[in-house]
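A structural walkthrough
Chain residues, written in single-letter form:
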Amino acid sequence: LEINLSPMSLGDEEWVGVLIVLHDITAVRRLERMRSEFVANVSHELKTPIAAVKGFAETLLAGALNDKETAKSFLQIIFDESERLNRLIGDILELSKIESKRIPMQFSPIYMQTFVGNCLNVMNSEAAKKSIELEMLVDENLYIEADEDRLRQIMINLLSNGINYTPEGGKVKVKVESFLRAGDGPENERIRLTISDTGIGIPKKDLPRIFERFYRVDKARSRVSGGTGLGLSIVKHLVELHKGSIRVDSEVGMGSKFIIELPIIH
Ligand code: ADP
């Protein structure tokens, strides 16, 4: 709390009171703390792949290069970790652009059936590798006004999570329908976009934190699947830039469901 005191007078001598301004600076403090936590997290996340690259390169230089098989597997690790670093930096830049609202939104009408179909096509080969079935259930005649690239980013992020966190032979499903909130007229129609999977699910205690930057239920697993821990926070920001909301419903071992609600027209 910041307190400013200013004496109030009518003339030179005549004091009529004191003006006290109470200024709540806790919000500012909180923001500052979040920022420095973010910087600390970023440094930590960047250090891990760099340490791996450095360590394996050192071992190669110290002689491991002479054994061809060992050398090959070490070089593969160096390559993978560099890729990871690239993705991480890409996601960090993206998030910082979105958070500072430095991305111009370009709204245009999007036909949902075609759009979702295209997104699923993009993910087809990834899903096929794990024999995961992709299914879509999109109502006809649904158009929404959105930034197509950003909406695709939302979909691709959620679909790749669905595929990553679902074992072989599972299913990832996209459903799109329109709905009205209680009391809203037809001019305020909204769409509900649900992406569900039959995967490993998320423990109840982790659910409230799942959209936080770098929050991961299982760090090791996320690393193996190449995750950065930033996907869901990027998704949440992008949904909010469309004046929408996102929530998650999940049960361990049963699968997860991400539900996005968006206005049809802005
Ligand atoms: P990551 O890059 O680690 O996937 P995200 O921000 O996309 O990061 O997701 C954060 C965490 O939420 C993941 O590490 C994972 O633990 C959990 N998660 C996200 N999507 C799913 C899902 N469909 N099923 C199970 N867990 C999920």
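The model shown is predicted, which means the values in this text are computed figures rather than measured ones. (Residues numbered from 1 in each chain as written. Predicted model: local features only at pLDDT ≥ 70, side-chain atom pairs only at ≥ 80, totals over all residues. Heavy atoms only, no water.)

Side note on the pattern of salt bridges
Rules: What makes a salt bridge here is a side-chain nitrogen of Lys or Arg within 4 Å of a carboxyl oxygen of Asp or Glu, nothing more. When a residue's accessible area, from a 1.4 Å probe over protein chains only, is under 20% of the maximum for its type it is buried; when over 50% it is exposed; and in between it is partly exposed. Working definition: helices are DSSP H or I runs of at least four residues, strands are E runs of at least two. Numbering for both runs from the N terminus.
By the definition in use, this model includes 16 salt bridges. Taking the shortest distance from any N to any O, the salt bridge between glutamate 177 and lysine 175 comes out at 3.9 Å. Take lysine 175: its relative accessible area is 31%, and that puts it in the partly exposed class. Taking the shortest distance from any N to any O, the salt bridge between glutamate 240 and lysine 236 comes out at 3.1 Å. With glutamate 240 and lysine 236 both in helix α6 (residues 231-241) and four residues apart, the pair spans about one turn of that helix. Through salt bridges with shared partners, one network takes in Lys175, Glu177, Arg192, Arg247 and Glu261.

Looking at the site of the ligand
Formally: The cutoff for a nearby residue is simple: one of its non-hydrogen atoms must lie within 4 Å of the molecule or strand. Counting of polar contacts relies on pairs of N or O atoms within 3.5 Å, with two restrictions inside protein: one atom must be capable of donating a hydrogen and the other of accepting it, and residues adjacent in sequence are counted only when both atoms are side-chain atoms. For every accessible area listed, the method is Shrake-Rupley and the probe measures 1.4 Å; residues are considered covered only by the protein chains on display. Only Asp, Glu, Lys and Arg are considered charged, only Ala, Val, Leu, Ile, Met, Phe, Trp, Tyr, Cys and Pro nonpolar, and every remaining residue, Gly among them, polar.
Around the ligand, a shell composed of 19 residues is seen, among which Tyr165, Asp197, Ser222, Thr228 and Leu232 lie nearest. Contact between the ligand and tyrosine 165: an oxygen atom at 2.8 Å from a side-chain N or O atom of the residue. In this structure, valine 217 approaches the ligand through a main-chain N or O atom, which is 3.1 Å from an oxygen atom. In the complex, 97% of the free accessible area of the ligand, which totals 530 Å², lies under the protein chains. Listing elements by their share of the shell around the ligand, those giving two or more residues are α4 (148-164), α6 and β9 (255-263). Split into classes, the residues belonging to the shell around the ligand amount to eight nonpolar, nine polar and two charged.

Some details on the confidence of the model for the protein chain
We apply this condition: pLDDT is defined as a per-residue confidence score from the predictor, taking values between 0 and 100.
Overall, the predicted model of the protein chain reaches an average pLDDT of 91, with 98% of residues at or above 70. Strand β8 (residues 245-251) holds the highest mean pLDDT among the elements of the protein chain, 98, whereas strand β1 (residues 2-9) holds the lowest, 74.

Observations regarding α4
The line we're drawing: The span expected for a helix works out to 1.5 Å for each residue beyond the first.
Along its 17 residues, α4 runs 24 Å from first to last C-alpha, staying within 8% of the 24 Å computed at 1.5 Å per residue. Every buried residue of α4 is accounted for by Arg150, Leu151, Ile154, Met155, Leu158, Leu159, Gly162 and Ile163. The backbone nitrogen of aspartate 149 has a side-chain oxygen 3.2 Å away, supplied by the residue at the start of α4, namely aspartate 147.

Brief notes about the layout of surface pockets
Worth spelling out the cut-off: Only protein atoms enter the 1 Å grid, on which a cavity is a set of points fitting a 1.4 Å probe that cannot get out and a pocket is an open set with protein on both sides within 12 Å along at least 5 of 7 lines, lining residues being those with an atom within 4 Å of a point. Grid points are joined across faces, edges and corners, and a volume is the space filled by probe spheres set on the points.
Taken as a whole, the largest pocket encloses approximately 1000 Å³ of empty space. Along its surface, the largest pocket is lined by 44 residues, and Ser160, Asn161, Asn164, Tyr165 and Ser225 are the ones closest to its centre. Looking at the lining of the largest pocket, the elements that each hand over two or more residues are α2 (68-99), α3 (112-129), α4, β7 (190-197), α5 (219-224), α6 and β9. Sort the elements by how many residues they give to the lining of the largest pocket and α4 lands first, with nine residues. Of the residues that constitute the lining of the largest pocket, the class distribution is 19 nonpolar, 16 polar and nine charged. Considering only enclosed or pocket space, the second largest pocket measures out at about 420 Å³ in volume. Along its surface, the second largest pocket is lined by 15 residues, and Met34, Arg35, Phe38, Glu99 and Arg213 are the ones closest to its centre. Those elements giving two or more residues to the lining of the second largest pocket turn out to be α1 (26-61) and α6. Looking at the lining of the second largest pocket, the element that brings in the most residues is α1, giving seven residues. Within the lining of the second largest pocket, the residues separate by chemical class into five nonpolar, three polar and seven charged.

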